Amino acid sequence: MKGELYLAWRYLAYHRVKTLILTTSITLIIFLPVGLRVLVRQSQEQLTARAEATPLLVGARGSPLELVLNSLYFESDVPATMSFGEVRRIESTGYALPIPVYVRFAARGHPIVGTTLDYFDFRRLRIAEGTNLRMLGDAVLGARVAEELGVGPGESVISSPESVFDIAGTYPLSMRVVGVLEYSGSPDDEAIFVDLKTTWVIEGIVHGHQELSGSGAAGLILTSDTANVVANAAVVQYQEITADNLGSFHFHGDQSTYPITAVIAVPPDQRSESLLRGRFESPDELLQIVPPVDVMDELLETVLTVEAFVIAVVVVVGLSTLATAVLVFMLSLRLRRREIDTMRKIGAARRSIGAVMASEVAAVLVVGVALAAILTGLTSRFGSDIIRSLL
Amino acid sequence: MHRIRTVHRVITVSIAGILAACGGSEQRDPSTSENARAPETPRDATVYTVNYPLAYFAQRIGGEHITVHFPAPPEIDPAFWQPDGATVGAYQSADLVFLNGAGYAKWLDVVTLSTSRLVDTSTPFRDRFLEVEGTVTHSHGPEGDHSHEGTAFTTWLNPQLAIEHAASIEQALSARWPEHEGSFRDGMTSLEADLLALDSALVAATAAADSRPIAASHPVYQYLANRYDLNLESVQWEPDRAPSGSQWNDFQRLLSEHPATLMLWEGEPLAETSERLESLGVTVVVFDPCANIPAEGDFLSVMRQNVESLAAVLARK
Amino acid sequence: MIEVQDLDFRYAEGDFVLRVPQLAIERGSTVAMVGPSGCGKTTLLNLVAGITSPGGGVITTNDVEVTALTDQARRDFRIRNIGLVFQEFELLEYLNVLDNILLPYRINSALELASDVRDRAQRLAQDVGIADKLDRHPDKLSQGEKQRVAVCRALLTEPVLLLADEPTGNLDPGNKGRVLDILFDYAERSGATLVTVTHDLDLVDRFSRVVDFRQFHPQDA
């Protein structure tokens, strides 16, 4: 068998272009549907794991999918907001730990997630570098954000304006990076975490500005009486929170009316979860409470349908390619008739001639399958990097 | 259209999932103390407070079972203290942080603490907060919301409210460390007895006040006045600063409408201030709110001294 | 060496018939088979080599009744005993010179490719003047070089019978002589029998015997 294998190898090596094409075809025929399935399964597992790890989500009435996508995956669409006072409402029931999130703004393409320290405990996020949030204006970066932006503790990131043309809207706040999280393999790696109050600063509800008393403030006052001073638009509001101006930051209006996009509710047990859900079932209720896993299951059904369709198409294309490869092989056999004849005439055993041909086919298949296996393994390990580079 | 939007979301989220996938989450032991919040601290039962009275109450109730921290420098009024980042980090490491409520400690608005560990000890009497009169707020533009700066926060000066603060502390400690509930109860009982005795002493001392006009150097005695029906008007003077001419003029105008014969001070005023007040027929009474750690004694001893000082003057006049 | 008795061969298609009542070729002789195209010279070579089988008759080659063997047995016999040289060289394009020479040892387990075989191949290449081209592929060789490679392949197994079908048909005069020299030299040294089909009547004088195939002119079926 050694001789036949040697001859097969020589043939394949001499016709390297043809060999490469055939091997690549086999590789792709196998890898495309398998790799796709691996990617989809992994993303499905990740999405499901994320949803399963989040017991309940409370938000304004509307699309449950939008609420889940915004709160768990920080997708760009911002759902209708709810008021911060609802956090106290949930807390007062004693049925769950409420963790507010406000996901509306972004900085250099990365979502800014306004939340509390409980979020880090809940998601088991750990600090790799620096410290966690401490002061207003602090930011903790997800692992991938730090990597992509090349920013670390001691540096800063500036929030992006929501609209270039909305000059009266939110404007950039320079946030001080104090920490970088460890890689978690979740959407948290792509986010910039700030205190909830910092997102309100970005929104302009909380701000710091020059003193409105004293001799220098005369040009800043619209009207004043003994109880209240009305400032005019000339008051400069700070776009960076420093140790010097920190004390000037303050709230206007009732904090319980301030906006958030969702509350992650973490009940201690099943009974509490049921009781909490019961509290939001009134038809007059302005909020909705959703178990993310139910929403994601519905979404993933659609994903699976799409996947099945794509795989079917890929399989059909693969089979066509395989048929073409078989045709190429058969044609090449015809072209090699003379070679086969020579070997026969010299005295090659019938089985030897067959063995040479079979070895060639087997070699292409084995290498193709092996490459497909390697690619599938690499996809499993580095799929996210590949997708990112393609995007 | 909805279907298309959903498919678009499917693709986007799948990509998000893929982007987040593949790395594999590390297996973490949930029992490890290393997480995003805690620096390396000993694992005693640790509580932090935002002022000294709460620290005193917590220590009286918690006893040997807890370690109480109140890191504000002793010379600073804790209500207006701004801790630095390292100190905020220390607060983050606490098992429980006891807040005074009523807007005390403005620094809470500009720092990040875990809300699940915060205990607002004034929650039971939120509806009984008092407003500070004469505060100037500000707003932006004619339709802007006002800033809220007008809630009095020295709630512990009413021993009844101090007992409610303490009760909240006991409740939180027992919920967090139920194995020591009995001990906490004992501590609370003892503290409550002392605070009730303090209240009785103040009732007795202030009985002589009747509706006598009393002045205060600083608007920090609202809850004291409210509890004991004191006819109190405040100015905004500091013990270590001599009032200006206009301040004296304002004070005299106040006296013309509110003829106070004694004035409560947070600390001993300057001798010249005392002298001038005496010349106006106003006796200085030091009534230390004890918001921070006293140089000598403890909260109860300071309050008892306050009662003695007040009683002595009220009895005379 | 070769005995043919009452040979009757017909192709499955067409009306070609080859009848050889009797033909004997002595061991160690050099025989040129001549005749017009299509008279069955190559057919007889194939029959003697056992590449094809007759419808009737007996062919004995090197004392082995080839016609009585199975197909596989004929292949084994052929590769051990017979060296074949073709007009069209019939080298494998994807093998270099050395691998083409060694080909018989790779396509039949009846032969074992040991190190002495490789040495022999090197020596053969040296003898025929292509030792410096062992790593080249056939498309990089001249016609004469190709045929010399084919001859080395045929001689590598040290055959007792050399069957050459118009070995010089595609060569220039210089190379014709060279190739024939190699074949004759081997036959003389080893005592092997050389049977050559040729149209080149200028070369037949070198052979010890000439067999004119017109005597076996194929009859119509």
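All of these numbers come straight from a predicted model, not from anything done at the bench. (Residues numbered from 1 in each chain as written. Chains lettered and ligands numbered in written order. Predicted model: local features only at pLDDT ≥ 70, side-chain atom pairs only at ≥ 80, totals over all residues.)

### Thoughts on the overall build of chain C
And step 1. Secondary structure summary: chain C contains six helices and nine strands in total.
And step 2. Residues counted as buried form 46% of the 221 residues belonging to chain C.
And step 3. Taking the intrachain contacts of chain C between residues at least 6 apart in sequence as the baseline, contacts between residues at least 24 apart amount to 73%. (Helix = DSSP H or I, 4+ residues; strand = E, 2+ residues; numbered from the N terminus. Buried ≥ 20, exposed ≤ 12 C-beta atoms within 10 Å, placed from the backbone. Contact = placed C-beta atoms within 7 Å.)

### Looking at the overall build of chain A
And step 1. Tallying secondary structure elements over chain A gives 11 helices and 16 strands in all.
And step 2. When the 391 residues of chain A are sorted by exposure, 42% land in the buried category.
And step 3. Considering only contacts in chain A between residues 6 or more positions apart, those separated by 24 or more positions represent 74%.

### Some remarks on the sheet that holds strand E1 (residues 2–10) of chain C
Residues and elements named next belong to chain C.
And step 1. Pairing is antiparallel in the open sheet, where four strands are placed in the order E2-E1-E4-E5. Looking at the sheet topology across the chains shown, the edges are occupied by strand E2 (17–25) and strand E5 (64–65).
And step 2. Where E1 and strand E4 (residues 56–61) come together, five bridges link them in antiparallel fashion. Bridge pairing in E4 links Val-4 to Ile-59. (Pairing = 2+ DSSP bridges.)

### Some thoughts on the pairing of strand E9 (residues 192–195) of chain A
And step 1. Here strand E4 (residues 110–115) of chain A pairs with E9(A) via four bridges, running parallel. In the strand pairing of E9(A), A:Gly114 is matched with A:Val194.

### Overview of the packing of helix H4 (residues 115–128) of chain C against helix H5 (residues 143–156) of chain C
All names here are of chain C.
And step 1. Viewed as axis vectors pointing N to C, H4 and H5 meet at an angle of 140 degrees, and their least axial separation amounts to 10 Å. Classified by the interaxial angle, the pair formed by H4 and H5 is oblique. Handedness of the H4/H5 crossing: right-handed. Contacts from Val-117, Arg-120, Ala-121, Leu-124, Ala-125 and Val-128 in H4 reach Arg-148, Val-151, Cys-152, Leu-155 and Leu-156 in H5.
And step 2. For the contact of H4 with H5, the per-class residue count stands at nine nonpolar, no polar and two charged. (Axes fitted to C-alpha atoms, helices over the stretch in contact; angles between N-to-C directions. Parallel < 35°, antiparallel > 145°, perpendicular 65-115°, else oblique. Left-handed = near helix turned anticlockwise from the far one by under 90°. Nonpolar A, V, L, I, M, F, W, Y, C, P; charged D, E, K, R; others polar.)

### Re the sheet that holds strand E6 (residues 82–85) of chain C
Residues and elements named next belong to chain C.
And step 1. Ordered by their spatial adjacency, five strands build an open sheet running E6-E7-E8-E3-E9, and the pairing between neighbours is parallel. Pairing within the sheet leaves two strands with one partner each, and these edge strands are E6 and strand E9 (209–212). For this sheet, the mean inter-axis angle between neighbouring strands, taken without regard to orientation, is 15 degrees.
And step 2. Pairing analysis gives four bridges linking E6 to strand E7 (residues 161–165), with the strands arranged parallel. Its bridge partner lying in E7, Leu-84 is registered against Leu-163.
And step 3. Seen against the sheet, helix H6 (residues 173–190) touches strand E3 (30–34), E7 and strand E8 (193–197) and runs at an angle of roughly 165 degrees to E7.

### Side note on helix H2 (residues 16–52) of chain A
And step 1. Compared with an ideal rise of 1.5 Å per residue, which puts 37 residues at 54 Å, H2(A) spans 50 Å between its outermost C-alpha atoms and is within 8% of the ideal.
And step 2. Helix geometry: H2(A) is bent most strongly at A:Phe31, by close to 35 degrees, with proline A:Pro33 lying one to four residues after it. (Expected span 1.5 Å × (residues − 1). Bend = angle between axes of the 7 residues up to and from the residue.)

### Some thoughts on the packing of H2(A) against helix H9 (residues 292–335) of chain A
Residues and elements named next belong to chain A.
And step 1. Close contact between H2 and H9 brings their axes to 9 Å; oriented N to C, the two are set at 175 degrees. Taken as axis vectors, H2 and H9 run roughly antiparallel relative to one another.
And step 2. Within the contact of H2 with H9, the residues separate by chemical class into 20 nonpolar, five polar and three charged.

### So, the interface of chain A and chain C
And step 1. With 17 residues of chain A at the contact, the number on the chain C side is 19 residues.
And step 2. Every element with two or more residues in the side of chain A that touches chain C is listed here: helix H1 (2–14), helix H10 (337–346) and helix H11 (350–390) of chain A.
And step 3. Looking at the side of chain A that touches chain C, the element that brings in the most residues is H1(A), giving six residues.
And step 4. Its residues assigned to classes, the side of chain A that touches chain C shows eight nonpolar, five polar and four charged.

### Observations regarding the nonpolar core
And step 1. Membership of the largest hydrophobic core comes to 151 residues, with the highest contact counts inside it found for A:Ala139, A:Ile192 and B:Ala58.
And step 2. Those residues within four positions of A:Ala139 in sequence are excluded, and the remaining contacts are A:Val157, A:Met175, A:Arg176, A:Val177, A:Val178, A:Ile192, A:Phe193 and A:Val194.
And step 3. Among the nonpolar cores identified, the runner-up in size contains 72 residues, and C:Ile2, C:Leu47, C:Leu95 and C:Val179 belong to it. (Core = buried A, V, L, I, M, F, W, Y, C linked by C-beta atoms within 7 Å.)

### A few points about the pairing of strand E1 (residues 46–49) of chain B
Residues and elements named next belong to chain B.
And step 1. In this structure, E1 lies alongside strand E2 (residues 67–69), joined through three bridges in parallel fashion. Bridge pairing in E2 links Thr-46 to Thr-67.
And step 2. On the question of chirality, the crossover connecting E1 to the parallel E2 by way of helix H2 (residues 52–62) is right-handed.
And step 3. As paired elements, E1 and strand E3 (residues 96–99) share three bridges and run parallel to each other. Residue pairing in the sheet places Thr-49 in a bridge with Phe-98 of E3. (Right-handed = clockwise from strand over helix to strand, strands pointing away.)

### Remarks on unusual backbone geometry
Residues other than glycine predominantly adopt negative phi, and peptide bonds predominantly adopt the trans conformation.
And step 1. Of note, the phi angle at C:Asp6 is positive, near 50 degrees, even though the residue is not glycine.
And step 2. Tracing the chain through its elements places C:Asp6 in strand E1.

### A word on the confidence of the model for chain C
And step 1. With 98% of its residues at a pLDDT of at least 70, chain C reaches an overall mean of 88.
And step 2. Among the prediction metrics, the complex's ipTM stands at 0.87, with pTM recorded as 0.67. (pLDDT = per-residue confidence, 0-100.)

### Thoughts on the environment of A:Thr376
And step 1. Tracing the sequence through the fold places A:Thr376 in helix H11.
And step 2. Taking the C-alpha atoms as reference points, A:Thr376 and A:Val34, 342 residues apart in sequence, are found 7.1 Å from one another.

### Focus on the environment of A:Ala53
Residues and elements named next belong to chain A.
And step 1. Along the chain, the position of Ala-53 falls in the loop between H2 and strand E1 (56–60).
And step 2. Residue class for Ala-53 comes out partly exposed when judged on the 16 C-beta atoms lying within 10 Å of it.
And step 3. Linking Ala-53 and Phe-122, residues 69 residues apart in sequence, is a C-alpha distance of 9.0 Å.

### Quick look at H9(A)
And step 1. Taking 1.5 Å per residue, 44 residues should reach 64 Å; H9(A) reaches 62 Å between its end C-alpha atoms and fits that length.
And step 2. Restricting attention to buried positions, one finds in H9(A) the residues A:Pro292, A:Val295, A:Met296, A:Leu299, A:Leu300, A:Val303, A:Glu307 and A:Ala325.

### Some details on the confidence of the model for chain A
Reading fine detail from the predicted coordinates is not recommended where pLDDT is low.
And step 1. Per-residue confidence for chain A gives a mean pLDDT of 86; residues scoring 70 or more make up 88%.
And step 2. Element-level mean pLDDT values for chain A span from 59 in strand E12 (residues 228–231) of chain A up to 97 in E9(A).

### Structural notes on the environment of A:Gly94
And step 1. Examined against the element boundaries, A:Gly94 turns out to sit in the loop between helix H4 (85–93) and strand E3 (97–107).
And step 2. Placed 178 residues apart in sequence, A:Gly94 and A:Ser272 show a C-alpha to C-alpha distance of 8.2 Å.

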